[in-house]
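Structural description and commentary
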Amino acid sequence: DPTGFDLYAARQAPSWHHLFGTTDQGSDIFSQVVLGARRSLLLGAAAGALATVLAATLGILAAYSGGVVDEVINFLTNVFLVIPAIPLLVVISGFSKNRSTSTMVIVLAAVLWAFEARILRGQALSLKNRDFVQAARSSGESTRRIVFAELMPNMISRIAAGFVLV
């Protein structure tokens, strides 16, 4: 129990029974770390997933579409690349009435997508002129289908690596 205490077990060194030892009140430090890590891991995984979806969609769409769409997404990417995530999160939390985990997830995802979008755009540019994409384009497939059914599955390993990076 991370909140329970046992004064007989106070200040014990790490052992098989208490992996990180105990506090002054005899609470198990390992169970406190596990309890505290749940929210952080949830926040990180949710922000990473949202940022990865956003980065993959925008990066691949920019590379495939080209032209004005590419220029607008590249401008947005450049803007978001220079925004520091943690200070922005502190400022938004200070002014926000809703300081929930979902607010932190949205702010972190909104800031962290840009680097991965730039990488995925570069990879999508190399895949853009391959035969399978040209065949899909010549058969009249929509941009949405080409991006999500042709390009994205061929980049899934890079997208997964990007999720871990974010």
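Residues numbered from 1 in each chain as written. Predicted model: local features only at pLDDT ≥ 70, side-chain atom pairs only at ≥ 80, totals over all residues. Heavy atoms only, no water.

1. A word on the overall build of the protein
If you tally the helices and strands in the protein, you get seven helices and zero strands. Starting at the N terminus and walking to the C terminus, you meet the elements of the protein as α-α-α-α-α-α-α. Expected size for 166 residues packed as a compact globule is a radius of gyration near 15 Å; at 23 Å, the protein overshoots this value by more than 25%. Within the protein, the proportion of its 166 residues that are buried is 33%. Taking as baseline every contact in the protein between residues at least 6 positions apart, the subset at least 24 positions apart corresponds to 62%. Charge separation in the protein, taken as the distance between the mean sites of 13 positive and 10 negative side-chain charges, equals 8 Å. (Helix = DSSP H or I, 4+ residues; strand = E, 2+ residues; numbered from the N terminus. Rg over C-alpha atoms; globule rule 2.2 N^0.38 Å. Buried < 20%, exposed > 50% of the residue type's maximum accessible area, 1.4 Å probe, protein only. Contact = heavy atoms within 4.5 Å. Lys, Arg positive; Asp, Glu negative; His and termini not counted. Charge placed at Lys NZ, Arg CZ, Asp CG, Glu CD.)

2. Focus on the packing of aromatic side chains
This model, assessed by the stated rule, comprises two aromatic pairs. Summarising the aromatic geometry, the rings of Phe 20 and Phe 30 are spaced 5.2 Å apart at their centres and angled 85° between planes, so their arrangement reads as edge-to-face. Residue Phe 20 is found in the segment before helix H1 (29-65), and its partner Phe 30 is found in helix H1; the two are separated by 10 residues along the sequence. A residue is classified by how much of its surface remains accessible, and Phe 30, at 32% relative accessible area, is partly exposed. Plain terms: the ring middles of Phe 80 and Trp 113 are 5.5 Å apart, the flat faces sit at 55° to each other, and that makes the pair tilted. With Phe 80 in helix H2 (residues 67-81) and Trp 113 in helix H4 (residues 101-127), this residue pair connects regions lying 33 residues apart in the sequence. With a relative accessible area of 24%, Phe 80 lands in the partly exposed category. Judged by its relative accessible area of 3%, Trp 113 falls in the buried class. (Phe/Tyr/Trp six-rings, centres within 6.5 Å; stacked < 30°, edge-to-face > 60°.)

3. Remarks on the side chain of Ser 31
Along the chain, Ser 31 falls in helix H1. Discounting residues that sit within four places of it in the chain, Ser 31 has contacts with Asp 1 and Pro 2.

4. Looking at the packing of H1 against H2
Closest axis-to-axis distance for the H1/H2 pair is 7 Å, and the angle between their directions is 145°. Remark: the crossing between H1 and H2 carries left-handed chirality. Each of Leu 58, Leu 61, Ala 62, Ala 63 and Ser 65 in H1 lies in contact with H2, whose residues at this interface are Gly 67, Val 69, Asp 70 and Ile 73. Residue classes in the contact of H1 with H2 are distributed as six nonpolar, two polar and one charged. (Axes fitted to C-alpha atoms, helices over the stretch in contact; angles between N-to-C directions. Left-handed = near helix turned anticlockwise from the far one by under 90°. Nonpolar A, V, L, I, M, F, W, Y, C, P; charged D, E, K, R; others polar.)

5. Focus on the nonpolar core
One finds Ile 60, Tyr 64, Leu 151, Met 155 and Ile 159 to be the most contacted residues of the largest nonpolar core, which totals 15 residues. Once residues lying within four places of it in the same chain are set aside, the contact partners of Tyr 64 are Lys 128, Val 133, Arg 137, Thr 143, Ile 146, Val 147 and Leu 151. In this structure, Ala 85, Leu 89, Val 105 and Val 107 belong to the second largest nonpolar core, which totals eight residues. (Core = buried A, V, L, I, M, F, W, Y, C linked by side-chain atoms within 4.5 Å.)

6. Comments concerning the packing of H1 against helix H6 (residues 143-154)
Direction vectors running N to C along H1 and H6 enclose 110°, while the axes themselves pass 10 Å from each other. As summarised for this structure, H1 and H6 are arranged roughly perpendicular, according to the angle between their axes. Classified by chirality, the crossing of H6 by H1 is right-handed. The segment H1 lies against H6, with Ala 56, Thr 57, Ile 60, Leu 61, Tyr 64 and Ser 65 engaging Thr 143, Ile 146, Val 147, Phe 148, Leu 151 and Met 152. Classifying every residue of the contact of H1 with H6 by side-chain character gives nine nonpolar, three polar and no charged. (Parallel < 35°, antiparallel > 145°, perpendicular 65-115°, else oblique.)

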